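Observations on the model geometry
For reference, the chains in residue letters:
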Amino acid sequence: MREQILVGDFVEVYLNTKLDAFRGIVLQLNDTMSWKDDVWYKVQPISSKAMPANFWYRENKVRRLANEHG
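Report follows, based on the coordinates. (Residues numbered from 1 in each chain as written. Predicted model: local features only at pLDDT ≥ 70, side-chain atom pairs only at ≥ 80, totals over all residues. Heavy atoms only, no water.)

The helix and strand tally for the protein chain stands at 0 helices and 5 strands. Counting every position in the protein chain, which comprises 70 residues, the buried fraction comes to 30%. Long-range contacts, defined here as pairs at least 24 residues apart, represent 35% of the contacts in the protein chain between residues at least 6 apart. For the protein chain, the computed accessible surface area is about 4,900 Å², with 51% contributed by carbon and sulfur atoms. (Helix = DSSP H or I, 4+ residues; strand = E, 2+ residues; numbered from the N terminus. Buried < 20%, exposed > 50% of the residue type's maximum accessible area, 1.4 Å probe, protein only. Contact = heavy atoms within 4.5 Å. Areas by Shrake-Rupley, 256 points an atom, 1.4 Å probe, with all protein chains shown as cover.)

This next bit is on the nonpolar core. One finds I5, V11, V13, F22, V26, V39, Y41, V43, M51, Y57 and V62 forming the largest nonpolar core, which totals 11 residues. Of all the elements in the fold, those that place two or more residues in this core are β1 (10-13), β2 (22-30) and β3 (40-45). Not counting the four nearest positions on each side in its chain, Y57 is found in contact with V13, L15, F22, V39, W40, Y41, V43, M51 and V62. (Core = buried A, V, L, I, M, F, W, Y, C linked by side-chain atoms within 4.5 Å.)

Taken in spatial order, the 5 strands line up as β4-β3-β2-β1-β5 in an open sheet, and their pairing is antiparallel. Edge strands, defined here as strands with exactly one partner in the open sheet, are β4 (55-58) and β5 (62-64). Each strand axis lies, on average, 50 degrees off the axis of its neighbour in the sheet, ignoring direction. Where β1 and β2 come together, 4 bridges link them in antiparallel fashion. When the sheet's bridge partners are listed, E12 is paired in β2 with R23. (Pairing = 2+ DSSP bridges. Axes fitted to C-alpha atoms, helices over the stretch in contact; angles between N-to-C directions.)

What follows deals with the pattern of salt bridges. Under the definition given, this model contains 3 salt bridges. Two residues, R64 and D9, come together in a salt bridge whose shortest N-O distance is 3.1 Å. In this pair, R64 is assigned in strand β5 and D9 in the segment before β1, connecting sequence segments 55 residues apart. Exposure remark for R64: the relative accessible area of 24% places this residue in the partly exposed category. (Salt bridge = Lys/Arg side-chain N within 4 Å of Asp/Glu carboxyl O.)

For the rest of this paragraph, the subject is the side chain of E12. Within the secondary structure, E12 is located in strand β1. In this structure, E12 is in contact with K18, A21, F22, R23, K61, V62, R63 and L65, ignoring residues within four places of it in sequence.

Structure follows, in structure tokens:
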């Protein structure tokens, strides 16, 4: 089972490959948007150069970065 990601967690979002990944902070999570019981995370990018706005990402694209926030 995957480690639970919570609001405020520091994460890395993989769009297609590790090369296009960006880091951000989880603003919201929503399991009612589910498709095949996936959880979706709204992520605020750390850098607007990496990603220009806050978007929703499916759980298979989001990885929690341990002990790197607060």
